[in-house]
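Here is what each chain is made of, one letter per residue.
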Amino acid sequence: MVGRTYQFSFADATIEEPPGVGGLLGGYIEQDLLVEVTDVADPLIDFMGGLSEAGSSPPEQDLCAATADLADGDLSANPYFVVGPTELTMEASGVAITLFELEVSGVFVDDGDAIEDGEITGLIDTRPLDSLVGGGEGAVCDLVGSFGASCEDCPDGDTFCLRMKAVDIEAPWIEGLDLEESEGCE
């Protein structure tokens, strides 16, 4: 599995959280999460996380997006794994959003050609999305509140983050795609 890169597509996921508005939120995310296995030392697994170029097919790595070190993941229930938490910044409808407490999990299929039952969880800072819904600071939180969801504290202590959970992700191995470490573009 070392050296294999898998594509976690938000477009193909079921967005369970936030309840009632997950599909709306998922529609803003234009990049896929790419994870490459960098080391396996049972019961640990390490990945490098990156992002795809929006709309690229087959997926290509966005070298202007910083990669994330997803080290010391738990593989003790092999073939199931969980890795994280970490932080990752990605693009959603042309604005940069940060995912805090990002965790990725799934089950490797027998031949390693895919990951089934993939799940991505994290905390999204909604402030960059406020302008997309036509409002000032807190507009996304106000919108999701009308659907019964609520924002919670971000790491900076302000209550503008939204818990996100994407499930039922089938992440194929993208043969020939090797991620490069990147600190992002300025």
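In short, a report on the structure.

Conventions and cut-offs
Sequence positions are assigned chain by chain, starting from 1 and proceeding in written order. Whole-chain, interface and lining totals are the exception, using all residues; otherwise, since this is a predicted model, local features are given only for residues with pLDDT of at least 70 and side-chain atom pairs are given and counted only at 80 or more. In computing side-chain properties, one takes all heavy atoms of the structure into account and sets aside hydrogens as well as water. A run of H or I in DSSP counts as a helix once it spans at least four residues, and a run of E counts as a strand once it spans at least two, with each numbered from the N terminus. A contact between two residues is defined here by any heavy atoms of the two lying within 4.5 Å. Only the protein chains shown count as cover for residues, and the accessible areas themselves come from Shrake-Rupley with a 1.4 Å probe. Charge assignment: positive for Lys and Arg, negative for Asp and Glu; neither His nor the chain ends contribute. Just so you know, the charge point we use is NZ for Lys, CZ for Arg, CG for Asp and CD for Glu. We define a nonpolar core as any set of buried Ala, Val, Leu, Ile, Met, Phe, Trp, Tyr and Cys residues linked to one another through side-chain atoms lying within 4.5 Å. In this scheme, a residue with accessible area under 20% of its type's maximum is buried, one over 50% is exposed, and one in between is partly exposed, where area comes from a 1.4 Å probe on protein chains only. The term salt bridge refers to a side-chain nitrogen of Lys or Arg lying within 4 Å of a carboxyl oxygen of Asp or Glu. A pair of sulfur atoms, both from cysteines and within 2.5 Å, is called a disulfide here.

**Considerations on the overall build of the chain**
Reasoning step 1: In terms of helices and strands, the chain carries 2 helices and 9 strands.
Reasoning step 2: Its helices and strands taken in sequence order, the chain reads β-β-α-β-β-β-β-β-β-α-β from the N to the C terminus.
Reasoning step 3: Of the contacts made within the chain by residues no fewer than 6 positions apart, 61% connect residues no fewer than 24 positions apart.
Reasoning step 4: When the accessible surface of the chain is totalled, it reaches about 8,700 Å², and 44% of it is carbon and sulfur.
Reasoning step 5: Here the chain contributes 4 positive and 41 negative side-chain charges, whose respective centroids are spaced 6 Å apart.

**What to know about the nonpolar core**
Reasoning step 1: Phe8, Phe47, Phe81, Phe108 and Ile120 are the most contacted members of the largest nonpolar core, which has 46 residues in total.
Reasoning step 2: Counting 5 residues, the second-largest nonpolar core is a separate cluster that includes Leu34, Ile174, Leu177 and Leu179.

**Looking at the pattern of salt bridges**
Two side chains bearing opposite charge may form a pair once their charged atoms approach each other closely.
Reasoning step 1: Scanning all chains against the criterion turns up 7 salt bridges.
Reasoning step 2: With a shortest N-O distance of 3.0 Å, Glu101 and Arg163 are connected by a salt bridge. One end of the pair, Glu101, is in strand β7 (residues 95-108); the other, Arg163, is in strand β9 (residues 161-172), and 62 residues separate them in sequence.
Reasoning step 3: Take Glu101: its relative accessible area is 38%, and that puts it in the partly exposed class.
Reasoning step 4: Accessibility expressed as a relative area gives 27% for Arg163, which makes it partly exposed.
Reasoning step 5: Between Asp156 and Arg127 there is a salt bridge, with its nearest N and O atoms 2.9 Å apart. Of this pair, Asp156 sits in the loop between α2 (139-145) and β9 while Arg127 is found in the loop between β8 (114-125) and α2, placing the two residues 29 residues apart along the sequence.

**A few points about the environment of Asn78**
Reasoning step 1: Tracing the sequence through the fold places Asn78 in the loop between β5 (68-74) and β6 (80-92).
Reasoning step 2: The exposure class of Asn78 is partly exposed, given its relative accessible area of 47%.
Reasoning step 3: C-alpha separation for the pair Asn78 and Cys151, spaced 73 residues apart in sequence, amounts to 35 Å.

**As for the state of the cysteines**
Reasoning step 1: Applying the stated rule across the entire model yields 3 disulfides.
Reasoning step 2: Across the disulfide from Cys141 sits Cys151; the S-S distance is 2.0 Å. The chirality of the disulfide connecting Cys141 with Cys151 is left-handed, given an S-S dihedral of about -95 degrees. Here Cys141 is found in helix α2, whereas its partner Cys151 is found in the loop between α2 and β9, with 10 residues between them in sequence.

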